[in-house]
Amino acid sequence: MTIYLDNGATTAVDKEVVEAMLPFFKDKYGNASSMHHAGQDARKAVDDARQKIADALGAEAKEIIFTSGGTESDNLAIKGAARANKEKGNHIITTKIEHPAVLSTCKKLEKEGFSVTYLDVDPDGLVSPESLEKAITDKTILVSIIHGNNEIGTVQDIAGLGKICREKGVLFHTDAVQSFTKVPLDVSLLPVDMMSISAHKIHGPKGTGALYVRAGTRLKPLMQGGSHEFKMRPGTENVPGIVGFARAAEIALAVDVSKITEVRNHAFKQIIKEIDNIKVNGPRDEMRLCNNINISFANVEGEALGSYLDIDGICVSTGSACSSQTLEPSHVLLAIGLSKEIANGTLRMTLSKHTTKEEIDKAVESLKKHTEKLRAISPLNTVLENVQ
Ligand SMILES: *Cc1c(COP(=O)(O)O)cnc(C)c1O
């Protein structure tokens, strides 16, 4: 039996989501741009889904652009806003703990002549409002700050950070891929101009996401083609994916996140009780995603520990899925001040609504066993003082 503790990488698609999608592969296969009834059925499904996603965010339907996922949404927000507003200035502000979809996009814009400030974070991964305020100049056109961090779970105060941007007349984008449906998000109250979300992190299908764009925000599309998605994202709509995304959002919004928090807190308690010389990364309070665990194990190689857990049927992640192909330590862990050695001994475990305390107990048992084994053969003898 698999114990899947990698829901930050992707989630199991809900059965109801698959059922909602199936008709759009089988009978209702029309192109939403076609005039005939088959096309109009698809159009109606896309319109309904757009309204549902808008409702989930407190937005208007016309402010939702469907994309191929979180990565594309981040690219569209950042490149689109930067290129559309470059006569106003060439300065962008982001942080050192963004997802690669944001970081690489900013690096690319630096090559196009934009200048980017990467804000530091505190040891919990929080961005200080003062540092943002100080970084804004009269050349700043865009700020992009991740809402719920995919590695260490830190949830930023986007209301406070967005307010600073609004007061300075600067656009504010947030990557809310991890926080969407886990943390309340209402753009009618939040000073946010653009927000990225993705279906496969909330038990929806892979390859579907959306970008919320506040009415009146100027963007340049990334691709040229038809006039789909309010001329912001050409290409025949992924009707099954969009329908599945909306259904997944409806289901996820009805989930009691306090139950996930409870299982997560049980995991923290058990790991701290059973294994010594560890450090919990990220905040321990309400400023943390309900499903995130990130722990450094002194004198252990994270890749080795992850492989042993895998043999026991337990899926976890070292750093983030996107960076675990490389052996470089996670940029997020380095940004919160961990040494390379400690960063490399770090595991991320991300829970879902399906995770049980029994699964956690089995995982902790396996963690304890393999940590002891690996430490016995380790040449290192670091002592972590910062156990939380
Ligand atoms: C997964 C993830 C993305 C990328 O979303 P995809 O739909 O996989 O492209 C972007 N940002 C964060 C924070 C993520 O966790």
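Worth saying up front: this structure is predicted, and the values here are computed from it rather than measured.

Quick notes on the rules
- Residues numbered from 1 in each chain as written.
- Predicted model: local features only at pLDDT ≥ 70, side-chain atom pairs only at ≥ 80, totals over all residues.
- Heavy atoms only, no water.
- Disulfide = S-S within 2.5 Å.
- Phe/Tyr/Trp six-rings, centres within 6.5 Å; stacked < 30°, edge-to-face > 60°.
- Helix = DSSP H or I, 4+ residues; strand = E, 2+ residues; numbered from the N terminus.
- Buried < 20%, exposed > 50% of the residue type's maximum accessible area, 1.4 Å probe, protein only.
- Axes fitted to C-alpha atoms, helices over the stretch in contact; angles between N-to-C directions.
- Parallel < 35°, antiparallel > 145°, perpendicular 65-115°, else oblique.
- Left-handed = near helix turned anticlockwise from the far one by under 90°.
- Contact = heavy atoms within 4.5 Å.
- Nonpolar A, V, L, I, M, F, W, Y, C, P; charged D, E, K, R; others polar.
- Pairing = 2+ DSSP bridges.
- Right-handed = clockwise from strand over helix to strand, strands pointing away.
- Salt bridge = Lys/Arg side-chain N within 4 Å of Asp/Glu carboxyl O.

## Regarding the state of the cysteines
Thought 1: Overall, the coordinates contain zero disulfides when judged by the stated rule.
Thought 2: No disulfide involves Cys165; its sulfur sits 13 Å from the nearest other cysteine sulfur, which is in Cys106.
Thought 3: Here Cys290 is not disulfide-linked; the sulfur of Cys315 is the nearest cysteine sulfur, at 19 Å.

## Brief notes about the packing of aromatic side chains
Thought 1: One pass over the full model with this rule turns up two aromatic pairs.
Thought 2: When the ring of Phe66 is compared with that of Phe245, the centres are 6.5 Å apart and the planes differ by 70 degrees; the resulting orientation is edge-to-face. Note that Phe66 is positioned in strand β2 (residues 64-67) and Phe245 in helix α8 (residues 239-253), a separation of 179 residues in sequence. No difference in accessibility class separates Phe66 from Phe245, as the two residues are buried.
Thought 3: Measuring from centroid to centroid gives 6.4 Å for Phe180 and Phe245, while their planes differ by 80 degrees, and the two rings are edge-to-face. Remark: Phe245 occurs in helix α8 and Phe180 occurs in the loop between β6 (171-175) and β7 (194-198); sequence separation between them is 65 residues. The same class applies to Phe180 and to Phe245, which are both buried.
Thought 4: Following the ring pairs from residue to residue traces out a cluster consisting of Phe66, Phe180 and Phe245.

## With respect to the packing of helix α9 (residues 257-274) against helix α13 (residues 357-376)
Thought 1: Interhelical geometry of α9 versus α13 gives an angle of 25 degrees and a closest axis separation of 10 Å. Relative to α13, α9 is oriented roughly parallel. For the pair α9 and α13, the crossing hand works out as right-handed. Contacts from Glu262, Val263, His266, Ala267, Gln270, Ile271 and Glu274 in α9 reach Lys357, Ile360, Asp361, Val364, Leu367 and Lys368 in α13.
Thought 2: Looking at the contact of α9 with α13, its residues break down into six nonpolar, two polar and five charged.

## Structural notes on the pairing of strand β4 (residues 115-119)
Thought 1: Here strand β3 (residues 91-95) pairs with β4 via five bridges, running parallel. Bridge pairing links Thr95 to Leu119 in β4.
Thought 2: Taken together, β3, helix α4 (residues 100-111) and β4 form a β-α-β motif whose crossover is right-handed.

## Looking at unusual backbone geometry
It is generally the case that most residues other than glycine have a negative phi and that most peptide bonds are trans.
Thought 1: Positive phi, close to 80 degrees, is recorded for Thr181, a residue that is not glycine.
Thought 2: With respect to the secondary-structure elements, Thr181 resides in the loop between β6 and β7.
Thought 3: Phi is positive for Glu229, close to 50 degrees, though the residue is something other than glycine.
Thought 4: When you line up the elements, Glu229 lands in helix α7 (residues 228-231).

## With respect to the pairing of β6
Consecutive side chains along a regular strand alternate between the two faces of the sheet.
Thought 1: With five of its five residues buried, β6 lies for the most part within the structure.
Thought 2: Burial of β6 is two-sided: the residues Leu171, His173 and Asp175 facing one way and the residues Phe172 and Thr174 facing the other way are all buried.
Thought 3: Summarising the sheet, strand β5 (residues 140-144) and β6 pair through three bridges and their orientation is parallel. Bridge pairing in β6 links Val143 to Phe172.

## Here's the deal with the pattern of salt bridges
Thought 1: This structure, assessed with the given rule, holds 23 salt bridges.
Thought 2: Note that Glu112 is salt-bridged to Arg83, the shortest N-O span being 2.7 Å. A residue pair is termed long-range when its members are at least 10 positions apart, and Glu112 in the loop between α4 and β4 and Arg83 in helix α3 (residues 70-84) qualify at 29 residues.
Thought 3: Looking at Glu112, the relative accessible area reads 37%, which means it is partly exposed.
Thought 4: Arg83 gets classed as partly exposed once you look at its relative accessible area, which sits at 25%.
Thought 5: Between Arg214 and Asp193 there is a salt bridge, with the nearest N and O atoms lying 3.8 Å from each other. In this pair, Arg214 is assigned in the loop between β8 (209-213) and α7 and Asp193 in the loop between β6 and β7, connecting sequence segments 21 residues apart.
Thought 6: Here the residues in one salt-bridge network are Arg43, Asp47 and Glu237, joined through shared partners.

## With respect to the packing of α3 against α4
Thought 1: Following both chains from N to C, one finds α3 and α4 inclined at 30 degrees, their axes separated by 9 Å at the closest point. Considering the angle they form, α3 stands roughly parallel to α4. In this structure, α3 crosses over α4, and the sense of that crossing is right-handed. Along the contact surface, α3 presents Thr71, Asp74, Asn75, Ile78, Lys79, Ala82 and Arg83, while α4 presents Ala101, Val102, Thr105, Cys106, Lys108 and Leu109.
Thought 2: Looking at side-chain class alone, the contact of α3 with α4 contains six nonpolar, three polar and four charged residues.

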